[in-house]
Amino acid sequence: MHGVTLQDNVRHVVDVLRRLAGHGPLVLAGNSFGGLTISAVANAVPELLHRVVHLSALCLSDPAMLTEPWDVVDDNLLDAPTARIAVPDVRDPGVMRLNWRRAHSDPALFAELKSAMMADATDHQFRVLLDSLDPDESYALLAADAVVRPEGWGRVPHTFVRLSQDRSIPPAVQDHMIRKADALTPHHPFDVHTLPASHVGYFSRPRIFAELLTRLD
């Protein structure tokens, strides 16, 4: 992920959207850090989008959210175990490198990560997810262009799917982001839905997510 920026993500997604334009309404959904990319895309090309959907995804509505502590209790279960699998001495300070596969040989670590990310899955499903994860988490996505703007993102109908069993971005943090965004666009608030799912519950229980997404107008 060295050198990959938020704008690289935006260019890639916008290229896909332009190629899909004309084939029907385009709904762009993102989870977790993916919320930064979908926010920046909606800022850049609101005219291409029918709706943007934050699946317990980061939504920054104030530049201070990039630099200042948030006024909310974040009791997530993910920070502690990921600190233990962080690879030291990574040369790029903008990247956190995580050795997810350590969990395969450490039952206690496996249980902690699963509780934080995917408690509603089987152990086998979580092992498959671990092997699919990119080891690099890039903080380069935490850029000013990811902050939603009323004249961009705010023009696009936006949905927030609260995940009530999420222990990576807990419901209190999700609700804080919803409140902050609604204060930015009070006449165009989030359309909010709640699913009883974990942070990446769509991986193990795709049906409830598909049923919700296909009901959105």
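Think of each chain on its own: its residues are numbered from 1, step by step along the sequence as written. In view of the model being predicted, local features appear only for residues whose pLDDT reaches at least 70, and side-chain atom pairs are presented and counted only at 80 or more, with totals across whole chains, interfaces and linings using the full set of residues. Calculated side-chain values reflect all of the structure's heavy atoms, with hydrogen atoms and water omitted.

Peer 1: Which parts of the structure should I look at to understand the overall build of the protein chain?
Peer 2: Here a helix means four or more residues in a row that DSSP labels H or I, a strand means two or more in a row labelled E, and each is numbered from the N terminus. Helix and strand content of the protein chain: eight helices and six strands. When the helices and strands of the protein chain are placed in sequence order, the string is α-β-α-β-α-β-α-α-β-β-α-β-α-α. The globule rule used here is 2.2 Å times the number of residues to the 0.38 power, and the radius of gyration it is set against is calculated over C-alpha atoms. Its C-alpha radius of gyration of 17 Å places the protein chain within 12% of the 17 Å reference for a compact globule of 217 residues. In terms of its C-alpha atoms, the protein chain occupies a principal-axis envelope of roughly 50 × 40 × 40 Å. Here the protein chain, with 217 residues, has 44% of them falling under the buried criterion. Contacts: residue pairs with any heavy atoms within 4.5 Å of one another. For the protein chain, the proportion of contacts with a sequence separation of at least 24, taken over those separated by at least 6, is 75%. Carbon together with sulfur atoms contributes 55% to the accessible area of the protein chain, which is approximately 10900 Å² in total. Here the protein chain contributes 20 positive and 27 negative side-chain charges, whose respective centroids are spaced 4 Å apart. Only protein chains enter the calculation, and the probe is 1.4 Å; a residue is then buried if its accessible area is under 20% of its type maximum, exposed if over 50%, and partly exposed in between. Here the accessible surface of atoms and residues is derived via Shrake-Rupley with a 1.4 Å probe, and residues count as covered only by protein chains that are part of the display. Positive charges come from Lys and Arg, negative ones from Asp and Glu, while His and the chain ends are left out of the count. Every charge is mapped to an atom, namely NZ of Lys, CZ of Arg, CG of Asp or CD of Glu.

Peer 1: Honestly, unusual backbone geometry in this entry has me stumped. Any pointers?
Peer 2: If a residue is not glycine, its phi is most likely negative; likewise, a peptide bond is most likely trans. The phi dihedral of serine 32 is positive, around 60°, even though this residue is not glycine. Take serine 32: it is sitting in strand β1 (residues 27-32). In this structure, serine 56 takes a positive phi of about 45° despite not being glycine. Mapped onto the elements, serine 56 comes out in strand β2 (residues 51-57).

Peer 1: Looking at this structure, how should I read the packing of helix α1 (residues 6-20) against helix α2 (residues 34-44)?
Peer 2: Between two packed helices, what matters for the description is the angle formed by their axes and the separation of those axes. Only C-alpha atoms enter the line fits that serve as axes; for helices the fit covers just the stretch in contact. Angles between N-to-C directions range over 0 to 180 degrees. Where α1 meets α2, the closest approach of the two axes is 9 Å, and the angle between their N-to-C directions is 65°. Here α1 and α2 pass one another in a crossing that is right-handed. Of the residues in α2, those in contact with Leu6, Asn9, Val10, Val13, Val14 and Leu17 of α1 are Leu36, Thr37, Ala40, Val41 and Ala44. Residue classes follow a fixed rule: Ala, Val, Leu, Ile, Met, Phe, Trp, Tyr, Cys and Pro count as nonpolar, while Asp, Glu, Lys and Arg count as charged, and any other residue, Gly among them, counts as polar. Looking at the contact of α1 with α2 residue by residue, the classes come out as nine nonpolar, two polar and no charged. If you view the pair so one helix is near and one far, a crossing is left-handed when the near helix is turned anticlockwise from the far one by less than a right angle, and right-handed when it is turned clockwise.

Peer 1: Before we go on, may I ask you to explain the nonpolar core in this structure?
Peer 2: One broad trend across soluble globular proteins is that nonpolar side chains are buried collectively. Here, the term nonpolar core denotes a set of buried Ala, Val, Leu, Ile, Met, Phe, Trp, Tyr and Cys residues that are joined through side-chain atoms within 4.5 Å. If you look at the biggest cluster of nonpolar residues, it comprises 34 residues, and the most contacted ones within it are Leu17, Leu36, Val41, Leu49, Trp153, Met177 and Phe190. Of all the elements in the fold, those that place two or more residues in this core are α1, α2 and α6 (171-184). Judged by nonpolar contacts, the second largest core, of 16 residues, contains Phe110, Met117, Leu129 and Val200.

Peer 1: What exactly am I supposed to notice about the pattern of salt bridges here?
Peer 2: Side chains that differ in sign of charge can pair as their charged atoms come close. Take a side-chain nitrogen of Lys or Arg and a carboxyl oxygen of Asp or Glu: if they are within 4 Å of each other, that pair is a salt bridge. Under the counting rule described, the total for this entry stands at 13 salt bridges. One salt bridge in this structure joins arginine 51 and aspartate 191, with 3.8 Å as the shortest N-O distance. With arginine 51 in strand β2 and aspartate 191 in strand β6 (residues 191-195), this residue pair connects regions lying 140 residues apart in the sequence. Relative accessible area serves as the criterion here: at 8%, arginine 51 is assigned to the buried category. A relative accessible area of 28% means that aspartate 191 is categorised as partly exposed. In this structure, the salt-bridge partner of arginine 51 is aspartate 217, at a minimum N-O distance of 2.9 Å. Taken together, the positions of arginine 51 in strand β2 and aspartate 217 in the segment after α8 (206-215) put the pair 166 residues apart, joining distant regions of the chain.

Peer 1: Can you help me understand the environment of valine 161 in this one?
Peer 2: When you line up the elements, valine 161 lands in strand β5 (residues 158-163). In the structure, valine 161 is positioned 60 residues away from arginine 101 in sequence and 29 Å away in space, judged by C-alpha atoms. Beyond its immediate stretch of four places on either side in the chain, valine 161 contacts Val53, His54, Leu55, Ser56, Gln174, His193, Leu195 and Leu212.

Peer 1: I tried to follow the packing of aromatic side chains on my own but got confused; where do I start?
Peer 2: Between the rings of Phe, Tyr and Trp (Trp by its six-membered ring), a pair exists once the centres lie within 6.5 Å; its type follows the angle of the planes, with under 30 degrees stacked, over 60 edge-to-face, and the other angles tilted. Tallying each qualifying case throughout the model produces four aromatic pairs. Residues phenylalanine 110 and phenylalanine 126 carry aromatic rings whose centres are separated by 5.3 Å and whose planes lie at 75° to one another, so their mutual orientation is edge-to-face. Linking phenylalanine 110 in helix α4 (residues 107-117) with phenylalanine 126 in helix α5 (residues 123-132), this pair joins segments that are 16 residues apart in sequence. In terms of burial, phenylalanine 110 and phenylalanine 126 fall into one category: buried. Site record: aromatic cluster; members linked through ring pairs are Trp153, Phe160 and Phe190.

Peer 1: Which parts of the structure should I look at to understand the pairing of β2?
Peer 2: Consecutive side chains along a regular strand alternate between the two faces of the sheet. By the criterion of burial, β2 is predominantly enclosed, with seven of the seven residues buried. Look down the strands so they point away from you; if going from the first strand over the helix to the second traces a clockwise path, that crossover is right-handed. In this fold, the crossover linking β1 to β2 by way of α2 has right-handed handedness. Here a strand pair is declared whenever DSSP counts at least two bridges between the two strands. When β2 meets β5, the two strands line up parallel, connected through four bridges. Counted as the bridge partner of leucine 55 is valine 161 from β5.

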